[in-house]
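Close look at the chain arrangement
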Amino acid sequence: MIFYTHERNFGCRLSEYVYKGLRTVTLENELLRVSVLADKGSDIFEFLYKPLDVDFMWRSPWGVRNPATFVATDHHKASAFLDYYEGGWQDCLPSGGNPGEYQGLPFGAHGETPTIPWEYRIVEDTPERVRVRFWVRTYRTPLYVEKTLSLEKERGVLTIEETVLNEGRIPIELMWGQHPALGAPFVDESCRIDLPSARVHCTSLAPNSRFAPGIHDWPLVPSRDGHLIDLRQVASAEADTTDTLFLDELQEGWYAVTNTRRHVGFAMAWPLEVFPAVWFWQVYGGAYTPPWYGRTYNIALEPFSTVQPTIADAVQDGSAHILEPGTQLRAQFVALAYAGIKGVQGISPDGEVIPRN
């Protein structure tokens, strides 16, 4: 079923439809098509740069599943997220990363928000700009989360304004992350990653990791066999490795991934006071544990509030955000597509790209 708010086929426009039983909203302009699963976490599962027909978002081997119709054979602490993980981009609250426990209750991988339905409302629908507001109340914590996605005419920039409110009567500690996964055919060994200077934590390494344990400076990190690995260079699937590295002490809040063969890229910019860290998930063909079995090749650069893998760890080291009763945590950030360059020197908070010479 497809429901168009207007029969407009130019400028900015919106469509509402049901995809695999899930309410879905698409925001579109001359350059971008961004599709959101309202009924599953408000996940962005398509971020398409229309001039080159490039979708940056990675798709998992099983794609979109409807939690209302898919029945798992068993439930595991990670399965609530992974069984329904289509790839794409999730909002992670009030925990992130590994399953854990907080306030005596268990939390699955990446918290509550990626697995529950959100409500939405169209707040602006003109040829010059479209805006859609999404909101949800979490089940195990007293959080109200609201975000507004916007596209403007002839700009390849998605703007997100998001607020997290503590509706409880006691302080709440939380971690918050954005989880956009990028995949083929955009991601290949010609891709270059640009970001400001940072510290790289090689501390939670996989058995088949390329890296020597330790904390190092971006972008050169020692390998297990003693040579230096340049993290700016995306490896091919033949590297046969998988890892998640954690970056902090960033000088600015931005990154860019450029396919230097096709001269097209994806970038983000965000406020460091909310997301002072970046998680770098790199799957270069070597993820063999369930449910991957060696079938995946993707990367994710994820703005996060901490380098710690669970809310319990973030509370322990003091890196959790603390929301007093009735208070809010706010962030405005952008994701964008660009073309015609081979590298990026910077991304402004409103999405302007500074090319690298």
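Everything in this summary refers to the structure shown in the same document. (Residues numbered from 1 in each chain as written. Predicted model: local features only at pLDDT ≥ 70, side-chain atom pairs only at ≥ 80, totals over all residues. Heavy atoms only, no water.)

A few points about the nonpolar core
Let me state the cut-off plainly: As used here, the term nonpolar core means buried Ala, Val, Leu, Ile, Met, Phe, Trp, Tyr and Cys residues forming a set that is joined through side-chain atoms within 4.5 Å. Buried means the residue's accessible area, taken with a 1.4 Å probe over protein chains only, is under 20% of the maximum for its type, while exposed means over 50%, and partly exposed covers the values in between. Put simply, DSSP H or I for four residues or longer makes a helix, DSSP E for two residues or longer makes a strand, and each gets a number counted from the N terminus. Throughout, a residue-residue contact means that at least one pair of heavy atoms, one from each residue, lies within 4.5 Å.
Phe47, Phe56, Leu247 and Phe266 are the most contacted members of the largest nonpolar core, which totals 72 residues. Per-element tally for this core: the top contributor is strand E27 (residues 328-339), with five residues. In contact with Phe47, not counting residues within four places along its chain, are Leu32, Arg33, Val34, Val54, Asp55, Phe56, Met57, Leu158, Phe266, Ala335, Leu336 and Ala337. Core analysis: the second largest hydrophobic core is formed by 12 residues, Tyr102, Phe107, Phe246 and Trp279 among them.

Things to note about the sheet that holds strand E16 (residues 191-194)
In any sheet, the strands associate via hydrogen bonds between backbone groups, in a parallel or an antiparallel arrangement. How we decide: We call two strands paired when DSSP finds no fewer than two bridges between them. For helices, the axis comes from a line fit to the C-alpha atoms of the stretch in contact; other axes are also lines fit to C-alpha atoms, and the angle between any two N-to-C directions lies between 0 and 180 degrees.
What the eight strands build is an open sheet, ordered E10-E11-E12-E13-E27-E23-E22-E16; its pairing is antiparallel. Looking at which strands have only one partner, the edges of the open sheet turn out to be strand E10 (119-125) and E16. Across this sheet, the average inter-strand angle for adjacent strands is 15 degrees, counted without regard to direction. As paired strands, E16 and strand E22 (residues 254-259) are joined by four bridges and run antiparallel to one another. Counterpart to Asp194 in the pairing with E22 is Ala256.

Quick word on the side chain of Thr310
Looking at where Thr310 falls in the secondary structure, it is placed in the loop between strand E25 (297-304) and helix H2 (311-317). In contact with Thr310, other than residues within four places in its own chain, are Ser95, Gly96, Asn98, Pro99 and Met175.

Section: the pattern of salt bridges
So the rule is basically this: We count a salt bridge whenever a side-chain nitrogen from Lys or Arg sits within 4 Å of a carboxyl oxygen from Asp or Glu.
The final tally for this structure, using the stated rule, is 21 salt bridges. One salt bridge connects Glu28 with Arg13, and the closest N-O pair in it is separated by 3.7 Å. With Glu28 in strand E3 (residues 22-28) and Arg13 in strand E2 (residues 13-19), the pair connects residues that are 15 residues apart, well separated along the chain. The same class applies to Glu28 and to Arg13, which are both buried. As a salt-bridge pair, Glu146 and Arg133 come within 3.7 Å of each other at their nearest N and O atoms.

Remarks on the packing of aromatic side chains
Stated precisely, the cut-off is as follows: Between the rings of Phe, Tyr and Trp (Trp by its six-membered ring), a pair exists once the centres lie within 6.5 Å; its type follows the angle of the planes, with under 30 degrees stacked, over 60 edge-to-face, and the other angles tilted. Think of it as a cone above the ring: NZ of Lys or CZ of Arg counts as a charge over the ring if it is within 6 Å of the ring centre and within 35 degrees of the ring normal.
On inspection of all chains with the given rule, the structure shows 20 aromatic pairs. Their ring planes at 55 degrees and their centres at 6.0 Å tell us that Trp58 and Trp292 sit as a pair that is tilted. Pair noted here: Trp58 is in the loop between strand E6 (54-55) and helix H1 (79-82) and Trp292 is in the loop between strand E24 (277-284) and E25, with a separation of 234 residues, a long-range link. Here Trp58 falls in the buried class, since its relative accessible area comes to 5%. Between Tyr284 and Tyr297 the ring centres are 6.2 Å apart and the planes differ by 50 degrees, which places this aromatic pair in the tilted class. Of the two residues, Tyr284 is situated in strand E24 and Tyr297 in strand E25; the sequence distance between them amounts to 13 residues. A network of ring pairs unites the aromatic residues Trp58, Trp62, Phe81, Tyr85, Trp281 and Trp292 as a single cluster. Lying over the aromatic face of Phe70, Arg65 brings its terminal NZ or CZ to 4.4 Å of the ring centre.

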